[in-house]
Amino acid sequence: MANLTTAHAHNRSEPQRPEADDRDRRIAELEAENDRLRRIRDALITRVESSTAVKPEPYAAFEHSVILAEQVRERTEALNVAMAELKASNKALNRARNEAETTRQRLIDAIESIADGFVLFDHRHRLVQTNSRFRSYWPSTGGELSPGTSIADVKTLALTSGLIVEEHNDPEAEGSVFLLANGRWVQMIERPTREGGLVVIYSDITDIKKTETARREEALAEKTRLLQSTVDNLSQGVVLVNQAGYPEIWNDRFLSLSGLSAEVVDVAHQFTGLMAVSNVPLLTPEINRGGNQALELVHRQSDGTVVEIRTHPMPDGGFVNTYTDITERDRYAETLKESERWIRVVTDHVPALIAYVGADLTVQFCNKVYERWYSTDQRPLLGRALADIHPPELYRRLLPRMQQVLAGQSVTFEFEELNARGEQSYMLRSYVPNLDGQGAVMGFFVMIRDITDRRRTALALQQAYDNLERRVKERTAALTELNNQLRQEINERAAVESRMRDAKLEAEHANLSKTKFLAAVSHDLLQPLNAARLFTSALLEHSFGSRAESLVRSVSTSLDDVENLLGTLVDISKLDAGVIKPDVTAFDLRDLLNNIAREFRQMALADGLSLSFVPSSAIVRSDSQLLARILRNFLTNAIRYTDHGRILLGCRRRGDHLLLQVWDTGPGIPGDKLTEIFQEFKRIRPPGSQPDKGLGLGLAIVDKIARMLGHTVTVDSVEGRGSVFTVKVPLGILEPKPQLSESEQVSRSDNSLTNARVWVVDNDQAICSGMQTLLEGWGCSVLTAVSLIDLERQVNLARAPVDVILADYHLDDNENGVDVVAAVNRRRRRPVPVVMITANYSNDLKLHIRNQGYLLMNKPVKPLKLRTTLTHLLGAG
């Protein structure tokens, strides 16, 4: 402690040290001088008193004593001054000592107040000072550390006493970190002093260490969770085995591929034992080092599954095994092998030399013809360089061409060469580069054909040409004369051709006029036919005896044929004349398909066929009537050409389009006739089939309507099995319609037309009579009129009960059915449902009737379609 005090006093008074040393030196000199003078004085006095030999004179003695006294006085004064200075120096020294003691005590207090352990070593690395915090680390050393202990002894004592359990050296951290026996962590930081000593600070970082450990454990747990999540989402089976041979991490894919259950696999079972009862063999890095198996293997299971197993050793001694289901890849590889075998079979039988040459000019593939041509030593050509296969002269001649193809150019040229047997031939060579995705040349394909015969033929032709040229010169003169005659004939023919073009133009105009005429008179043509159709349909509703019914059915069938033929001619004429314009809107297919299915189901049953129908409520964008005409033509042909079996009407979605299809089990269509059937007046009649009365215009009309609507019509057929006709229609979005009030949503309660009140307005009395007879046969109550005035004369338009109005559009005296129906509905509290009947196919009329909210039927009216429409309209369907 005294040494530590002195050291600290000296450290605190270093600026006063030179002055104190000088003062001490002067005091020592003065004391030595004073002692010397005192000895001189005493010697002189002794000498004077004891001297007897020579007796000085009294005066001389007195004078001598006076001088001595003066010298003694001077020396005494000097001595007193020195003593005063000495006293002052002693006072200053005491004051400095007190200040140093105060400073030392303050330093000790400051060191004690430090929360960290503090140790001070001098320039010889001897212990000088410690604080209580540092001494608290040494409770069990058997004694306290005393000042003067070397730093080496302190470290030895710390290790031998068991104070330090573990030392950690972190290159990125400052100082060293120690784990003490009491579980505390201490960080040691050393700082040199100015005099060469050493200050050591010991900081307790236990809380920091605990925080770091907790954070590290939390991060490790998060990494473990992320690793498990990643492993669980892998398509491969994965299992991680530690160095002790126990599984630590695995996923469900590993369990499914190995056949192990989740209850069996846990961290307490050896991996080798688990794999002994699994569906896959054991594979570990230790087995590989033993030389028994490779680091990967392919295992084929009994169910056909192919599993690829790979093992990956880890630095800590564990390993990771991956299990991949490569069944599809294995099948693909087998398919590639089979494809390669077929390619080899095909190329080997092609009468041409075929090869593939890599960018390094080595043969990577060749057929047998190529190998027989160039193999001189019976060695395989695969993998050999062209420079080794071809003679030097041939290779030198081919090299510029190969450089061209390696530059990315396709090269074709004729070449004369000798084969392996020394035969000279003319060869036509074609080099085609093989480019990768970046456009770099990976190699080139070689195809060589022997054109020796063609070359010889060319030489013969050249000789013949030379002979011919000579003969041509001989006859040129004769031909010159004939040429003049030919010019005259050409002029005459030009005049004839001009007249023929004029005649053709007149014929085309006449044909167009005929087409427009047919389209224009369709109403007049169809009016009597419509009346006859209504009468025959009414007759069919009554029983007149078998013979009369047979006659009526024959008349009905004949009218059907006339109606179909005439309707087909009118339709094709209107399409050619451009009279029909499409009215493309978005609509629900439900009603259209339901009506068509009901209409043709009876026709199919009459021919002994079964018509299946798959309903659809898809929204499409098209012209509903023209689309219905396409489907009706499809179904008509299917029923006409199918002798037995079934017919299917349905839909399929394809992206943003809908495929409307009609399937049949008919005789099918030959592949070379699939395009021809869409031509006008073209019919494909299977051998042995009965002739029909069609004109071969149905599919021509379908093709024209589809082109008009922008739809695609396709046909697929297998002879002897049947056909499928398809029209591709774009999907649409249905526009919202106003909701009907409750009073307007009236429906009939039964499933028939019995007692339905129907008003018929048509300017043709025959049609009125036929319609009345037909409707009354269905149980309807019918009122007919030829005009609005006639209708007003018979009933009260405002109050008379009526369920539906059937009105012809074209009436007499510039009156039309739309105006008549509008006049009726204006007088009634609730509008009456309307079916407008017309032979006019114009798009404007169709839009006008639709905007009025009426249904539209074209003449001639088919009774079955009319009954279906009325049943649906009145809510019975």
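The shown structure was predicted, so the numbers you read here are calculated from the model rather than taken from an experiment.

**A closer look at the confidence of the model for the protein**
Now for step 1: Across the protein, the average pLDDT comes to 78, with 80% of residues at 70 or higher.
Now for step 2: Of all helices and strands in the protein, the one with the weakest mean pLDDT is helix α1 (residues 2-12) (35), whereas strand β21 (residues 657-664) scores best (93).
Now for step 3: Overall, residues 1-16 carries pLDDT values under 50, and its contacts beyond four positions in sequence, including any with other chains, amount to 18 contacts.
Now for step 4: Counting contacts from residues 738-751, a segment whose pLDDT is below 50, to residues more than four positions away or on other chains yields 15 contacts.

**A closer look at the environment of L234**
Now for step 1: Here L234 is to be found in the loop between α6 (206-232) and β7 (237-241).
Now for step 2: Using a relative accessible area of 37% as the deciding quantity, one classes L234 as partly exposed.
Now for step 3: A sequence separation of 17 residues divides L234 from N251, and the C-alpha atoms of the two residues are 8.2 Å apart.
Now for step 4: Discounting chain neighbours no more than four positions away, the residues touching L234 are N251 and R253.

**Brief notes about the sheet that holds strand β16 (residues 441-450)**
Now for step 1: A sheet is described by the order of its strands in space; here 5 strands give the open sequence β13-β12-β16-β15-β14, paired in antiparallel fashion. The open sheet has two free edges, formed respectively by β13 (363-366) and β14 (411-418), since each of these has just one partner strand. Adjacent strand axes in the sheet meet at a mean angle of 25 degrees, parallel and antiparallel pairs treated alike.
Now for step 2: Sheet topology places β14 next to strand β15 (residues 424-435); 8 bridges connect them, and they run antiparallel. Residue pairing across strands places T412 opposite S430, the latter belonging to β15.
Now for step 3: Together, β14, β15 and β16 form the strand contacts of helix α13 (residues 392-406), whose direction differs from that of β14 by roughly 165 degrees.

**Side note on the side chain of T327**
Now for step 1: With respect to the helices and strands, the residue T327 is situated in helix α10 (residues 327-348).
Now for step 2: Of the residues examined, T327 reaches a relative accessible area of 10% and is grouped as buried.
Now for step 3: A distance of 2.5 Å separates polar atoms of two side chains, one belonging to T327 and the other to D325.
Now for step 4: Filtering out sequence-adjacent residues up to four positions away, T327 remains in contact with G304, T305 and V306.

**Description of the pairing of strand β5 (residues 185-192)**
Looking down a regular strand, the side chains alternate between one sheet face and the other.
Now for step 1: Note: strand β4 (residues 176-180) against β5, 4 bridges, orientation antiparallel. Paired with L179 across the strands is W185, a residue of β5.
Now for step 2: If you look at the hairpin formed by β4 and β5, you'll find 4 residues sitting between the two strands, and G183 has a positive phi there, around 85 degrees.
Now for step 3: As defined by bridge partners, β5 adjoins strand β6 (residues 198-204) across 7 bridges and the pair is classed as antiparallel. Looking at β6, one finds that E190 is bridged to V200.
Now for step 4: The loop that links β5 with its antiparallel partner β6 comprises 5 residues; one of these, G196, has a positive phi angle of about 100 degrees.

**Considerations on the sheet that holds strand β25 (residues 781-785)**
Now for step 1: Strand order in the open sheet made by the 5 strands is β25-β24-β26-β27-β28, with parallel pairing throughout. The open sheet has two free edges, formed respectively by β25 and β28 (855-858), since each of these has just one partner strand. Direction aside, neighbouring strands of the sheet carry axes that sit 20 degrees apart on average.
Now for step 2: Across 4 bridges, strand β27 (residues 834-838) lies against β28 in parallel orientation. For I837, the partnering residue across the bridge sits in β28 and is M857.

**Section: the packing of helix α17 (residues 589-606) against helix α18 (residues 624-641)**
Now for step 1: It is the contact of α17 with α18, at a shortest axis distance of 11 Å, that shows an interaxial angle of 25 degrees. With respect to α18, the axis of α17 lies roughly parallel. Along this stretch, α17 crosses α18, giving a crossing that reads as right-handed. Only S624, L627, A628, L631, R632, L635, T636 and I639 of α18 make contact with α17, whose side of the interface consists of L589, L592, L593, I596, E599, F600, M603 and A604.
Now for step 2: Of the residues assigned to the contact of α17 with α18, the class counts are 12 nonpolar, 2 polar and 2 charged.

**Concerning the packing of α18 against helix α19 (residues 698-709)**
Now for step 1: Two elements in contact, α18 and α19, have axes separated by 10 Å at closest approach and are oriented at 155 degrees. Taken together, the axes of α18 and α19 lie roughly antiparallel to each other. The handedness of the crossing between α18 and α19 comes out as left-handed. Between α18 and α19, the residues in contact are L626, L627, R629, I630, N633, F634 and N637 and G698, L699, I701, V702, I705, A706, M708 and L709, respectively.
Now for step 2: Across the contact of α18 with α19, the residue classes tally to 11 nonpolar, 3 polar and 1 charged.

Cut-offs used in this document
- Residues numbered from 1 in each chain as written.
- Predicted model: local features only at pLDDT ≥ 70, side-chain atom pairs only at ≥ 80, totals over all residues.
- Heavy atoms only, no water.
- pLDDT = per-residue confidence, 0-100.
- Helix = DSSP H or I, 4+ residues; strand = E, 2+ residues; numbered from the N terminus.
- Contact = heavy atoms within 4.5 Å.
- Buried < 20%, exposed > 50% of the residue type's maximum accessible area, 1.4 Å probe, protein only.
- Pairing = 2+ DSSP bridges.
- Axes fitted to C-alpha atoms, helices over the stretch in contact; angles between N-to-C directions.
- Polar contact = N/O pair within 3.5 Å; in protein donor to acceptor, adjacent residues only side chain to side chain.
- Parallel < 35°, antiparallel > 145°, perpendicular 65-115°, else oblique.
- Left-handed = near helix turned anticlockwise from the far one by under 90°.
- Nonpolar A, V, L, I, M, F, W, Y, C, P; charged D, E, K, R; others polar.

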